[in-house]
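As a plain string of letters, each chain reads:
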Amino acid sequence: MSSSESAVPPEVGREPNHARRFGLTWLIASLIATPLVILLLGPILPPGNGSEQASGQVTDNTVLLAMATPVLLLVVIYLIYAVIYFRQPKGAALEGPAVRGDARVQTTWIVVTSVLVLSLAGYGTWRLFEGNGAGSGSGPNPVATPSGPKLPVQVIAQQWAFTYRYPTYGGVETPHLWLPNNQTVELHVTSLDVIHDFWAIQLGVKADANPQVDNIAFVKPTGVKTFEIRCAELCGIWHGEMFDTGHVVPPLVFSRWISEQVTKFAPATKNLPPYSTTYQPEPARRGG
Ligand SMILES: [Cu+2]
């Protein structure tokens, strides 16, 4: 049996100032990593710059990531620091005194987390009312709407395809989505059967398609391009087949295309129910 002093680790009594050392490490890491994240990751964040709304989402994602970076570093660096410096010394059976609470740490924790969360809530609210409207589904009465003229386009989800009605063009219903570039579009998303979700990925648009609900989302495409459309809500056996390619085209091309659709689908348009923001589900139409 060894003598009693062997139970006392030699380090006791000359502990470094852990708070200062850890705090400095975290501060330097944050000052280096945060600008790198903004400059290197920001530009490649989804959903890209396909529309004003998509670009806005990239900006917001960058802000979130920049604010999350110091928080992530705090957790990771503390974990590593603790593993290195707060290990039980070899051969020692002693632990430090139990920590019951620390008013300074607790107050800092509550204040910092509250400031982070509340400032992000404020930022989100300010961004929502900045004037572009949201690319996400905002229900039948969105609190924030873009000013100026808007082209209404209805997105009708059904097992297992999206169709599109253009109420300002005689209510014609088309199997594909074409949009004019640089024009604000008011999407009215609804469903004829089960719950779907309209996701126009590169345009930053995602809106639930619920039967009997007129879910409005806004998009102003910025650039001629094609974009992916997917259903983002498991909606039955052929859910995975529910995708298409959409087109953003110059306004003149759009005018020509929509005139062609009006002519081509005139016989079908005659038999459609009148344009409405929602439709009665008709399960019998598709055999259940
Ligand atoms: Cu679906």
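Provided above is the structure to which this section pertains.
The present account deals with the structure reproduced in this document. (Residues numbered from 1 in each chain as written. Predicted model: local features only at pLDDT ≥ 70, side-chain atom pairs only at ≥ 80, totals over all residues. Heavy atoms only, no water.)

## Quick word on the overall build of the protein
- Within the protein one finds five helices and ten strands.
- Taking 2.2 N^0.38 as the reference for a compact globule, 288 residues should give roughly 19 Å; the C-alpha atoms of the protein span a radius of gyration of 28 Å, well beyond that estimate.
- Principal-axis analysis of the C-alpha atoms gives the protein an extent of 100 × 40 × 30 Å.
- Evaluated residue by residue, the protein yields a buried proportion of 34% over its 288 residues.
- About 17100 Å² of surface is accessible on the protein, with carbon and sulfur atoms providing 65% of the total. (Helix = DSSP H or I, 4+ residues; strand = E, 2+ residues; numbered from the N terminus. Rg over C-alpha atoms; globule rule 2.2 N^0.38 Å. Buried < 20%, exposed > 50% of the residue type's maximum accessible area, 1.4 Å probe, protein only. Areas by Shrake-Rupley, 256 points an atom, 1.4 Å probe, with all protein chains shown as cover.)

## Regarding the packing of helix α1 (residues 18-41) against helix α2 (residues 52-85)
- It is at 8 Å that the axes of α1 and α2 come closest, and there the two elements cross at 145°. For the crossing formed where α1 meets α2, the hand is right-handed. Each of His18, Arg21, Phe22, Thr25, Trp26, Ala29, Ser30, Ala33, Thr34, Val37, Ile38 and Leu41 in α1 lies in contact with α2, whose residues at this interface are Thr62, Leu65, Ala66, Thr69, Pro70, Leu73, Leu74, Ile77, Tyr78, Tyr81 and Tyr85.
- Of the residues in the contact of α1 with α2, the class split is 16 nonpolar, six polar and one charged. (Axes fitted to C-alpha atoms, helices over the stretch in contact; angles between N-to-C directions. Left-handed = near helix turned anticlockwise from the far one by under 90°. Contact = heavy atoms within 4.5 Å. Nonpolar A, V, L, I, M, F, W, Y, C, P; charged D, E, K, R; others polar.)

## A look at the sheet that holds strand β2 (residues 161-166)
- Taken together, the five strands give an open sheet; going across it, the order is β3-β2-β1-β5-β8, and neighbouring strands pair in mixed fashion. Looking at which strands have only one partner, the edges of the open sheet turn out to be β3 (172-174) and β8 (215-219). On average, each strand axis in the sheet is inclined to that of its neighbour by 25°, with strand direction left out of account.
- When strand β1 (residues 151-158) meets strand β5 (residues 185-191), the two strands line up parallel, connected through seven bridges. (Pairing = 2+ DSSP bridges.)

## Observations concerning the coordination of the copper ion
- For the copper ion, the full set of protein donor atoms is His196 (ND1), Cys231 (SG), Cys235 (SG) and Met242 (SD), and the range of their distances to it is 2.1 to 2.7 Å.
- For the copper ion, the four donor atoms in the first shell make angles of 92 to 126° at the metal, a pattern classed as tetrahedral.
- In the primary structure, the donors to the copper ion are separated according to the pattern H-x34-C-x3-C-x6-M. Of this pair, histidine 196 sits in strand β6 (residues 196-200) while cysteine 235 sits in the loop between β9 (225-231) and β10 (243-249), and the two are 39 residues apart along the sequence. (Donors = N, O, S within 2.8 Å, 3.2 Å for Na, K, Ca; no water. Tetrahedral: all angles 85-135°; square planar, octahedral: opposite > 155°, others 65-115°.)

## Focus on the packing of aromatic side chains
- Counted by the stated rule, this structure contains twelve aromatic pairs.
- Arranged with centres 6.3 Å apart and planes meeting at 70°, the rings of tyrosine 164 and phenylalanine 198 form a pair that is edge-to-face. Taken together, the residues tyrosine 164 in strand β2 and phenylalanine 198 in strand β6 connect sequence positions 34 residues apart. With respect to burial, tyrosine 164 and phenylalanine 198 carry one shared label: buried.
- Among the aromatic residues, ring-to-ring pairing joins Phe22, Tyr78, Tyr81, Tyr85 and Phe86 into one connected group.
- One residue, arginine 21, lies across the ring of tyrosine 85, its end atom 4.2 Å from the ring centre. (Phe/Tyr/Trp six-rings, centres within 6.5 Å; stacked < 30°, edge-to-face > 60°. Lys NZ or Arg CZ within 6 Å of the ring centre and 35° of its normal.)

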